[in-house]
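# Structure at a glance
Here's the letter readout for the chains.
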Amino acid sequence: MRLTASVAVVGGGVVGSAAALFLAERGEDVVVLERASGPTQASVRNAGGLRAQCRNRTERRLALASIALWRDLAARTGIDIEYRQGGNLRVALAEPTLDALAAQGVEEAEDGLATEIWDRAALRRRAPHLSARFAGAKYCATDGHANPILATWMVVNAAKAAGVRYLTGADATHLDVDGGRVRGLRATAGGEVLHVEAPTVVHAAGPWTAALAATIGVELPLTPARNAMLVSERVPPLLAEFVSSHELKVYLRQARAGQVHVGGVFTVDGTFDQRVTHAEIAHLARAVEILPELGRMRILRTWAGTLDLTPDHLPCSVHRPEWTATLSRPASAATASASARPSAARSPSWSLASRPRST
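So, a few notes on the structure that sits alongside this text. Just so you know, these numbers come straight off a predicted model, no measurement behind them. (Residues numbered from 1 in each chain as written. Predicted model: local features only at pLDDT ≥ 70, side-chain atom pairs only at ≥ 80, totals over all residues. Heavy atoms only, no water.)

## Description of the nonpolar core
- Val9, Val30, Trp70, Met154, Val155 and Val164 are the most contacted members of the largest nonpolar core, which totals 35 residues.
- Secondary-structure elements contributing two or more residues to this core are strand S2 (7-10), helix H1 (14-25), strand S3 (30-34), helix H3 (57-77) and helix H6 (148-161).
- Residues in contact with Val9, not counting those within four places in the same chain, are Gly16, Ala20, Val30, Val31, Val32, Leu33 and Val202. (Core = buried A, V, L, I, M, F, W, Y, C linked by side-chain atoms within 4.5 Å. Buried < 20%, exposed > 50% of the residue type's maximum accessible area, 1.4 Å probe, protein only. Helix = DSSP H or I, 4+ residues; strand = E, 2+ residues; numbered from the N terminus. Contact = heavy atoms within 4.5 Å.)

Here it is as structure tokens:
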């Protein structure tokens, strides 16, 4: 089986679908190859944080652009992704940690991001459900969170409405090269070999990106890593903010329906195994030290996603005459749409985009 397109996108998650959408809006004929029945990996397994604060400067600029894109796309489609601009709160156990957050706020202000430092009294007054043990927090009112499943499908459906073709159950196996340039790819679909002729290939398959790149002798510095989460039963409203502690290495946010989602600021590196261990659950339970009422809630389930990490956990681009690789570790919910837009704007012979952390 053969088909042609001006751009082939490998990976139908949020990054691949956003790239496909932006390319289609520029008039490209785009086909997306997704090996599953739809987006089932990191795009829909993260916490849905839309955060610009507490990032490396490179990530921060991506996040600021991406948050604006999320709002624009939600407004254009009219789809409710449970977006809430309730703010982001990074809590600090120790005074030196709070001082470091304050120093970080100075750089953020230079980039046009407004944040506030709350001392212990202000934190107790403005977030009374949190533990009294914290020295304070840094708060960003323009940050927020959304439902990652709804948000991802919003992008997928917007891309389809823009004319993007989606082939599900299509597993890309090789990149085809002719004259030193990528000309398309091969995939398996329904037991058959599929040949896709496309002068541009955007590879956005997360931690599986490196395997396809290796078919043309390109070694990419990506490490698969498991990141675990859990979710509670529905409870009355407790949190408007997305709350995190890098000292305790956990974060949490409350969904519109009332469930509290808890994730870890830690990963188990070098594995595609998504089974959550007892040790990871015990670590996630430290969220009780942030929100004591969590200790009285029933936990409904746990799950994990597979991230792909660059060596310094930051985005990078690799350029050669025949291809361009864009490795965007931070394409979390906050940075995914802006990470995808450079691939759409550049339209190289091929481009790679990876899925990063969700906090």
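## Things to note about helix H4 (residues 95-110)
- Taking 1.5 Å per residue, 16 residues should reach 22 Å; H4 reaches 24 Å between its end C-alpha atoms and fits that length.
- Those residues of H4 that fall on the buried side of the exposure criterion are Leu98, Leu101, Gly105 and Glu108. In an axial view of H4, the angular spread of the buried residues amounts to 65°, which keeps them on one side of the axis. Exposed and facing more than 90 degrees away from the buried side of H4 are Pro96, Asp99, Val106 and Glu110. (Expected span 1.5 Å × (residues − 1). Arc of directions from axis to C-beta.)

## Section: the side chain of Asp176
- Along the chain, Asp176 falls in strand S10 (residues 170-178).
- The contact partners of Asp176, leaving out residues within four places of it in the chain, are Arg181, Val182, Arg183, Gly184, Leu185 and Arg186.

## Observations concerning the packing of H3 against H6
- Running from N to C, H3 and H6 point in directions that differ by 65°, and their axes come no closer than 11 Å. As for the relative orientation of H3 and H6, their crossing is left-handed in sense. Where H3 abuts H6, its residues Trp70, Leu73, Ala74 and Thr77 lie against Ala151, Met154, Val155 and Ala158. (Axes fitted to C-alpha atoms, helices over the stretch in contact; angles between N-to-C directions. Left-handed = near helix turned anticlockwise from the far one by under 90°.)

## Here we look at the pattern of salt bridges
- Using the criterion set out here, one finds 19 salt bridges in the structure.
- Here Glu25 and Arg76 are joined by a salt bridge, their closest N and O atoms 2.9 Å apart. Of this pair, Glu25 sits in helix H1 while Arg76 is found in helix H3, placing the two residues 51 residues apart along the sequence.
- Its relative accessible area of 47% is what places Arg76 among the partly exposed residues.
- Residue Arg298 pairs with Glu233 through a salt bridge whose shortest N-O separation is 3.2 Å. Within this pair, whereas Arg298 is found in the loop between helix H8 (278-284) and strand S19 (299-309), its partner Glu233 is found in strand S14 (residues 223-234), the two being separated by 65 residues in sequence.
- Looking at Glu233, the relative accessible area reads 17%, which means it is buried.
- Via salt bridges that share partners, Arg57, Arg60, Arg61, Glu107, Glu110 and Asp111 belong to a single interconnected network. (Salt bridge = Lys/Arg side-chain N within 4 Å of Asp/Glu carboxyl O.)

## Here we look at the packing of aromatic side chains
- Tallying each qualifying case throughout the model produces three aromatic pairs.
- For the cation-ring pair, Lys160 lies above Tyr166, with the distance from its terminal atom to the ring centre recorded as 5.3 Å. (Phe/Tyr/Trp six-rings, centres within 6.5 Å; stacked < 30°, edge-to-face > 60°. Lys NZ or Arg CZ within 6 Å of the ring centre and 35° of its normal.)

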